[in-house]
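Understanding the architecture of this molecule
Residues per chain are reported as follows:
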Amino acid sequence: MNESITFLQTGLPEGPIVAFTILLLVSLTIPPLFERLGLPGLVGLLLAGVLLGSNGLQLLDGDSETMKLLSDIGKIYLMFVAGLEIDLVQFRKKKHRSLVFGLMTFIVPLIVSMMIGRLFGFGWNTSLLMGSLFASHTLLGYPIVQRLGLVEKESVIVTIGATIFTDISALLVLAICVSINAGEFSLYSLFQQLVALAIYTAIVLFGFDWVGKEHFRRTGDDEGNQFLFVLLAVFLASVGAEIIQVDQIVGAFMAGLAVNDVVGNSPVKDKVEFVGSVLFIPFFFVDMGLLLDIPVFIESLTTSFWLTLAIVVGLLGSKFLAAAIAKFLYDYSLDEMIVMWSLSIPQVAATLAAALVGLQVGLITETVFNSVIVLMLITSILGPLLTGKFAPKLPLPKASPKSRQSKLWWENPRSKPIEEQESAPFTIVVPVSKSQTKGYLMEMAALLARHQSGQIIPLSISPAHTYMDEPQMQVNLRQSRRLLNKALTVSSEFDAEAKPILRIENDIASGIVHTAREQDASLIVMSWRKNTGLRARLFGTIINRVFWASHCPVAVMRLLDEPVNLRKILVPAKNFSPQTIRTVRFAQLLADTHQGEVKLLHVCPTKTTPSDIAAIEDEYINMLNITGGQVKSEVQVIKADDVALAILKVAKLADMVILRSLRRRTIAGLAVSDITTQLIKELTCSLVLFGEPY
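Residues numbered from 1 in each chain as written. Predicted model: local features only at pLDDT ≥ 70, side-chain atom pairs only at ≥ 80, totals over all residues. Heavy atoms only, no water.

1. Let's talk about the overall build of the protein
When you go through the protein residue by residue, the secondary structure sums to 27 helices and 11 strands. Residue pairs at least 24 apart in sequence account for 80% of intrachain contacts in the protein once pairs closer than 6 positions are excluded. Summed over its atoms, the accessible surface of the protein is roughly 31700 Å², and 60% of this surface lies on carbon and sulfur atoms. (Helix = DSSP H or I, 4+ residues; strand = E, 2+ residues; numbered from the N terminus. Contact = heavy atoms within 4.5 Å. Areas by Shrake-Rupley, 256 points an atom, 1.4 Å probe, with all protein chains shown as cover.)

Below, the structure is given as structure tokens:
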């Protein structure tokens, strides 16, 4: 074994490039492997750090300048993303209750952890820092409640909003503890620190917000420049924190909150988080593994077993007590209380970053640090498990089919400026291209326009760039005119009004989006293009970019037959929400154009009781009766563990499936859930991906 390690060490050249290459390899391979085993990817990164460090293969040195730099960037990025991912919109909805629960889930663990620290002989300052470490939480279970459609549930909103209070408070306590440990603490110095911190916070939260919005307004669609601005904001805030003698992670978290309001859910946010999640944040967790001295870790767990047990039990118990207080104050159900508890117990981002700071400045011992690692491992696994078990038991938020939120985009006056709220013709923009070998797309658009007494805008984008020669330009223009003439022929056959537009643009996606905005389009209908090449992965496809930037809904269609033959339309629905209602109403609109019928399919867990299934059916049937008009509609609720497989089986009897697109954070801009991705690949019938404007 020792000979193999020596061979690896002598066989590899020295230098930062080697370390960086090893870290890239670990980040690429380890997290997916552990996630397949049902374990968080960060657990694998920690173990990889242990294996590659001084107690293993000795390929990485935690004391090297390269690892220190990459780890510091990862730590800053981790806290920045923690602030960036906080949903400020949800927080504002229930800010008072969020603050109350945030106070409870901060104060109770703080007091309990301080008592544990004092009980095991630690000083007041160390005990206070231990309390702050365990008072924050990381929302590892958020994707679960999001997938179940429970994000609008009040108890979930309150828990998400509480994260802002707990993380900020924990970081402030950390700053005070570090100041006390440095021997610079007095009431006057504390007052100075708080004043400096208040001024700094105002500059970051309000100054960065204003400057960011101005910069984004001036740079328009220049995502590269905006990306650099966000990075500059992060590290500028971190340097500013050091100037006022506060740790970098405080500045990074504040920058995340400030930039949060600037970038929203734009593609820039995707790219910023992508860089962090695939590069620097994994490097930080690997470095945490390098810091673990396995013999000392095992010894501390055996000799200090009761300390570790007290920390774990104290954290779980105090977070449970905080959730119980919220249940009592706001009359939540037992299942809601457990979901709040499960969402608030994972200790990852702020806890690990602050623990590392505490260890580096000598505030906490290696034994406490090892206990924090154990706590992180337990809570990062237990929290999502409890959320996955109890969240499905919560009733879905009610959404009325008659509400303004449930209207289609073009039916809702509030989706337009006041001067445009008068009735305008229903307008469909249809980008045409030579890749559309059949006229099915224009036929579908013509059916919709005729049904709505509206018009079609056949749009041909003639690509051009600054140095294109005249002959090539003429060829492109002739081709565009031929395409528009074909589109006019199809629209006249269906007796639909058409107004063709030929546009010369360097960027096709921008041309589509700008035309739709100029013509006040109600809908964009596009043809499905499969593009998985390198350019699509890095910059996003045309469809991706139109989805992101469009002011109106976008329907991307893969039509395998004439629209009039697509009579059986299937709509899978995972929850009862305004978005689901609007998708179903769009399906009913398509069906009504040629006497089709709509089937709404809901797949529930196999453990769902018959009474719950009946209640779900009643909700959806009521929705269809209110929204469907004369369209023949039905509801089917089935039980299955493999949702995608269940939908594929039912889809064998359908002519068309309509799926709802979600804007999610990914490097290519638009992404859909794993289930939708599988359906897109395996469905053999016609398909529509329906996405609403952001």
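Read on, since the account is not over.
2. Quick notes on the environment of Pro-563
Position of Pro-563 relative to the elements: it lies in the loop between β6 (554–558) and β7 (568–572). You can call Pro-563 buried: its relative accessible area is 1%. Expressed as a C-alpha distance, the spacing of Pro-563 and Glu-443, which sit 120 residues apart in the sequence, is 6.8 Å. Residues within four places of Pro-563 in sequence aside, it is in contact with Tyr-440, Glu-443, Met-444, Leu-447 and His-594. (Buried < 20%, exposed > 50% of the residue type's maximum accessible area, 1.4 Å probe, protein only.)

3. Thoughts on the nonpolar core
Counting residues in hydrophobic clusters, the biggest one holds 123 residues, and the most contacted among them are Phe-80, Phe-285 and Leu-352. Excluding residues that lie within four positions of it along the chain, Leu-352 makes contacts with Phe-284, Phe-285, Met-288, Val-372, Ile-373 and Met-376. One finds Val-432, Ala-496, Leu-590 and Ala-591 within the second-largest nonpolar core, a separate group that totals 52 residues. (Core = buried A, V, L, I, M, F, W, Y, C linked by side-chain atoms within 4.5 Å.)

4. Describing unusual backbone geometry
Non-glycine residue Asp-495 carries a positive phi angle of around 55 degrees. With respect to the helices and strands, the residue Asp-495 is situated in the loop between α20 (470–493) and β3 (497–498). Take Asp-495: its relative accessible area is 63%, and that puts it in the exposed class. You will see that Gln-595, though not glycine, has its phi angle at about 55 degrees, which is positive. Position of Gln-595 relative to the elements: it lies in the loop between α24 (578–592) and β8 (597–604).

5. Observations concerning a nonpolar patch on the surface
Together, Leu-119, Phe-120, Phe-305, Trp-306, Leu-309 and Val-313 line one region of the surface with nonpolar side chains, adding up to about 640 Å² of accessible area. Here the nonpolar patch gets 4 residues from one element, more than from any other, and that element is helix α15 (residues 305–330). A residue is classified by how much of its surface remains accessible, and Trp-306, at 60% relative accessible area, is exposed. (Patch = residues over 30% accessible without salt bridge, like charges linked within 9 Å, V, L, I, M, F, W, Y side chains within 5 Å. Salt bridge = Lys/Arg side-chain N within 4 Å of Asp/Glu carboxyl O.)

6. Re the packing of helix α21 (residues 508–518) against helix α23 (residues 542–549)
Packing of α21 against α23 leaves a shortest axis separation of 9 Å and a crossing angle of 35 degrees. Like other packed secondary-structure pairs, α21 and α23 cross with a definite hand, here right-handed. Contact residues: α21 offers Ile-508, Ala-509, Ile-512 and Val-513, while α23 offers Ile-542, Arg-545, Val-546 and Ala-549. (Axes fitted to C-alpha atoms, helices over the stretch in contact; angles between N-to-C directions. Left-handed = near helix turned anticlockwise from the far one by under 90°.)

7. Here we look at the packing of helix α2 (residues 16–36) against helix α4 (residues 65–84)
Where α2 meets α4, the axes come as close as 9 Å, and the angle between the chain directions of the two elements is 45 degrees. Considering their axes alone, α2 and α4 lie oblique with respect to each other. For the pair α2 and α4, the sense of crossing is right-handed. The residues of α4 that touch α2, namely those facing Pro-16, Ala-19, Phe-20 and Leu-23, are Thr-66, Met-67 and Leu-70. A per-class count over the contact of α2 with α4 returns 6 nonpolar, 1 polar and no charged. (Parallel < 35°, antiparallel > 145°, perpendicular 65-115°, else oblique. Nonpolar A, V, L, I, M, F, W, Y, C, P; charged D, E, K, R; others polar.)

8. Quick word on the side chain of Thr-580
For Thr-580, the location among the structural elements is in helix α24. Taking the relative accessible area as the measure of exposure, Thr-580 reaches 6% and is therefore buried. Once you skip the residues sitting within four places of it in the chain, Thr-580 turns out to touch Ala-573, Asn-575 and Arg-660.

9. Examining the confidence of the model for the protein
Any segment with low pLDDT has predicted coordinates that should not be analysed in fine detail. When the pLDDT values of the protein are averaged, the result is 77; 81% of them are 70 or greater. Long-range and interchain partners of residues 531–540, a stretch whose pLDDT sits below 50, account for 12 contacts in this model, where long-range means more than four residues apart. Here residues 663–672 is a poorly scored stretch, pLDDT under 50, and it has 40 contacts once near neighbours within four places are set aside; other chains count. (pLDDT = per-residue confidence, 0-100.)

10. A closer look at the pattern of salt bridges
This structure, assessed with the given rule, holds 4 salt bridges. Here Lys-632 ties to Glu-597 by a salt bridge, and the two come within 3.9 Å at their closest N and O atoms. Of the two residues, Lys-632 is situated in strand β9 (residues 632–639) and Glu-597 in strand β8; the sequence distance between them amounts to 35 residues.

11. Points about the packing of aromatic side chains
Following the criterion strictly, the structure yields 6 aromatic pairs and no others. Geometrically, the ring pair formed by Phe-305 and Trp-306 is edge-to-face, given 5.3 Å between the ring centres and 70 degrees between the ring planes. Relative accessible area serves as the criterion here: at 41%, Phe-305 is assigned to the partly exposed category. Judged by centre distance (5.9 Å) and plane angle (50 degrees), the rings of Tyr-330 and Tyr-332 are tilted. Given a relative accessible area of 18%, Tyr-330 falls into the buried group. (Phe/Tyr/Trp six-rings, centres within 6.5 Å; stacked < 30°, edge-to-face > 60°.)

12. Focus: a positive patch on the surface
A contiguous patch of positive charge, built from Arg-478, Arg-481, Arg-482 and Lys-486, is present on the exposed surface. Within the fold, Arg-482 resides in helix α20. (Lys, Arg positive; Asp, Glu negative; His and termini not counted. Charge placed at Lys NZ, Arg CZ, Asp CG, Glu CD.)

13. So, helix α11 (residues 223–243)
Its 21 residues give α11 an end-to-end C-alpha distance of 30 Å, which sits within 8% of 30 Å, the value for a rise of 1.5 Å per residue. Every buried residue belonging to α11 is among Gln-226, Phe-227, Phe-229, Val-230, Leu-231, Ala-233, Val-234, Ala-237, Ser-238, Gly-240 and Ala-241, and all of these are buried. (Expected span 1.5 Å × (residues − 1).)

14. With respect to the pairing of strand β11 (residues 686–691)
On any regular strand, side chains alternate: one points to one face of the sheet, the next to the other face. Where burial is concerned, most of β11 is hidden: 6 out of the 6 residues are buried. Residues Ser-686, Val-688 and Phe-690 of β11 are buried on one face, and the alternating residues Leu-687, Leu-689 and Gly-691, pointing to the opposite face, are buried as well. Taken together, the 5 bridges between β6 and β11 define a ladder with antiparallel strand orientation. Across the sheet, the residue bridging to Arg-558 is Leu-687, located in β11. As judged from the 5 bridges shared by strand β10 (residues 656–660) and β11, these two strands associate in the parallel manner. Paired with Arg-660 across the strands is Phe-690, a residue of β11. (Pairing = 2+ DSSP bridges.)

15. Quick word on the environment of Asn-485
Take Asn-485: it is sitting in helix α20. A relative accessible area of 47% places Asn-485 in the partly exposed class. Spatially, the C-alpha atom of Asn-485 lies 8.5 Å from that of Pro-500, the residues being 15 residues apart in sequence.

16. A few points about helix α7 (residues 124–135)
Spanning 12 residues, α7 covers 16 Å between terminal C-alpha atoms, matching the ideal 16 Å at 1.5 Å per step. Most of α7 sits inside the fold, with 10 of its 12 residues counted as buried. Residues Asn-125, Thr-126, Ser-127, Leu-129, Met-130, Gly-131, Ser-132, Leu-133, Phe-134 and Ala-135 constitute the buried set of α7.

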